[in-house]
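Structural description and commentary
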Amino acid sequence: MKQIILFFCIFTMLSGACSGCSDTEREGKEETPEDIRSLMDAPYPMGCAVNVGLLRSNEKCRQVILKEMKSLTAENAMKMEALSLGRGEYNWTDADYLVNFAAQNKIRVHGHTLLWHRALPAWVSSFEGNREEWIALMRNYIKDVVGHFKGKLSGWDVVNEAFEDNGTYRNTVWYEHIGKEYIDLAFQFAHEADPDALLFYNDYGMEYSKAKRDAICLMIKDMKQRNIPVDGIGLQMHIDMYRPKSDFIQAIQAAASTGVKVHISELDVAVNPEKKPEMKFTANVAERQKQSYKGMSEALQSIPVAQNYGLTVWGVSDADSWLTAHPDWPLLFDRNYAKKSAYYGLLESF
Ligand code: XIL
């Protein structure tokens, strides 16, 4: 039905009258049949991370999001460092901007992230207190933040990167002052603050480290058994084009085997992991990257639909990617927000 309406809309536009067409921002450009398809055709919610500064100021970026995305994650605006000014003091400006933009355009928002070892405000890193006081700090923060967005987000990354690659707990401030129970507590506090939000454990490396994969899956199964409210695993998937498809299949299958939902939460495919200054983005490189994106999407579609929370790419265009220390082209759109081969790789996978 949607396709019939779209087809009618394009037909009327080509014949010079687009009065029935709701997309007023096409700037009179003719659409080709190719353009009728978009990432919204994905059989799961397709999303991206976005920097709020860019969302406010860059019209091309906004248009890509409006045309292609069903889900948004704040690249930085919902991290503790961005939200927390001091104990009980918050700056909601950027995060609220993103949430309002999404609500106006019926886009899902995924919250990222409540507890992490990075992006800590100075008042937290330097906080001195006993275990109870650390638990109280964490409880208040989670209660305030999850409470502020209650009913507006579909889910939260409650704990991010709690494990080392060898499968041991990462020695974060939370682990150091509270012990491994900080993870259970964080999920319980988040659930109390918004019982409808889906709660995720998010991490990288499950595609290359068996020890980490096993540790995370074991933890999730154990939490489920003890009725700790965990609903999903986020696999960051900051991969490069040399990563074999079998590795990400393995990670996705392992995560799904715990019975919770699976989110590919931060996908990007680096093409210059060796960090060569002279690297060029050739047609061969573009093709190889395309296969990585396609393979990832296919792998995600191999799990039961009810467990598939979606696929989020970590940024919109190559110009906005966090991987900027050396030349790279890790995303679906080029620096001018034009579709790359990688984009068509995703379309082919649907
Ligand atoms: C990154 C952002 O993209 C950067 O802009 C910021 O400077 C550092 O954090 N894993 C995560 C994300 O969970 O939050 C990180 O995002 C990338 C790695």
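Now for a description of the structure that goes with this document.

1. Focus: the site of the ligand
- As a matter of local geometry, the ligand sits amid 13 residues, with E75, K79, H112, E266 and W314 nearest to it.
- A distance of 2.5 Å is found between an oxygen atom of the ligand and a side-chain nitrogen or oxygen belonging to E75.
- In the environment of the ligand, a nitrogen atom lies 3.4 Å from a nitrogen or oxygen atom belonging to the side chain of E161.
- Across the complex, the protein chains shield 82% of the 420 Å² of accessible surface that the ligand would expose by itself.
- Its residues placed into classes, the shell around the ligand shows three nonpolar, five polar and five charged.

2. What about the packing of helix α11 (residues 210-225) against helix α12 (residues 245-257)?
- Running from N to C, α11 and α12 point in directions that differ by 20°, and their axes come no closer than 9 Å. Classified by the interaxial angle, the pair formed by α11 and α12 is roughly parallel. Two packed elements cross with a definite hand, and for α11 against α12 that hand is right-handed. Packed against α11, whose contacting residues are R213, C217 and K221, the element α12 presents Q250, A251, A254, A255 and S257 at the interface.

3. Points about the pattern of salt bridges
- For the structure on display, the rule yields 15 salt bridges.
- Linking R131 and E181 is a salt bridge whose minimum nitrogen-to-oxygen distance equals 3.4 Å. Of this pair, R131 sits in helix α8 (residues 131-148) while E181 sits in helix α10 (residues 181-193), placing them 50 residues apart in sequence.
- Linking D165 and K212 is a salt bridge whose minimum nitrogen-to-oxygen distance equals 2.9 Å. Of the two residues, D165 is situated in the loop between β6 (155-160) and α9 (173-178) and K212 in helix α11; the sequence distance between them amounts to 47 residues.
- Accessibility expressed as a relative area gives 32% for D165, which makes it partly exposed.
- Each of R131, E132 and E181 takes part in salt bridges that share partners, so that together they form one network.

Reading the values: rules and limits
- Residues numbered from 1 in each chain as written.
- Predicted model: local features only at pLDDT ≥ 70, side-chain atom pairs only at ≥ 80, totals over all residues.
- Heavy atoms only, no water.
- Near = heavy atom within 4 Å.
- Polar contact = N/O pair within 3.5 Å; in protein donor to acceptor, adjacent residues only side chain to side chain.
- Areas by Shrake-Rupley, 256 points an atom, 1.4 Å probe, with all protein chains shown as cover.
- Nonpolar A, V, L, I, M, F, W, Y, C, P; charged D, E, K, R; others polar.
- Axes fitted to C-alpha atoms, helices over the stretch in contact; angles between N-to-C directions.
- Helix = DSSP H or I, 4+ residues; strand = E, 2+ residues; numbered from the N terminus.
- Parallel < 35°, antiparallel > 145°, perpendicular 65-115°, else oblique.
- Left-handed = near helix turned anticlockwise from the far one by under 90°.
- Contact = heavy atoms within 4.5 Å.
- Salt bridge = Lys/Arg side-chain N within 4 Å of Asp/Glu carboxyl O.
- Buried < 20%, exposed > 50% of the residue type's maximum accessible area, 1.4 Å probe, protein only.

None of this, on its own, says anything about what the molecule does.
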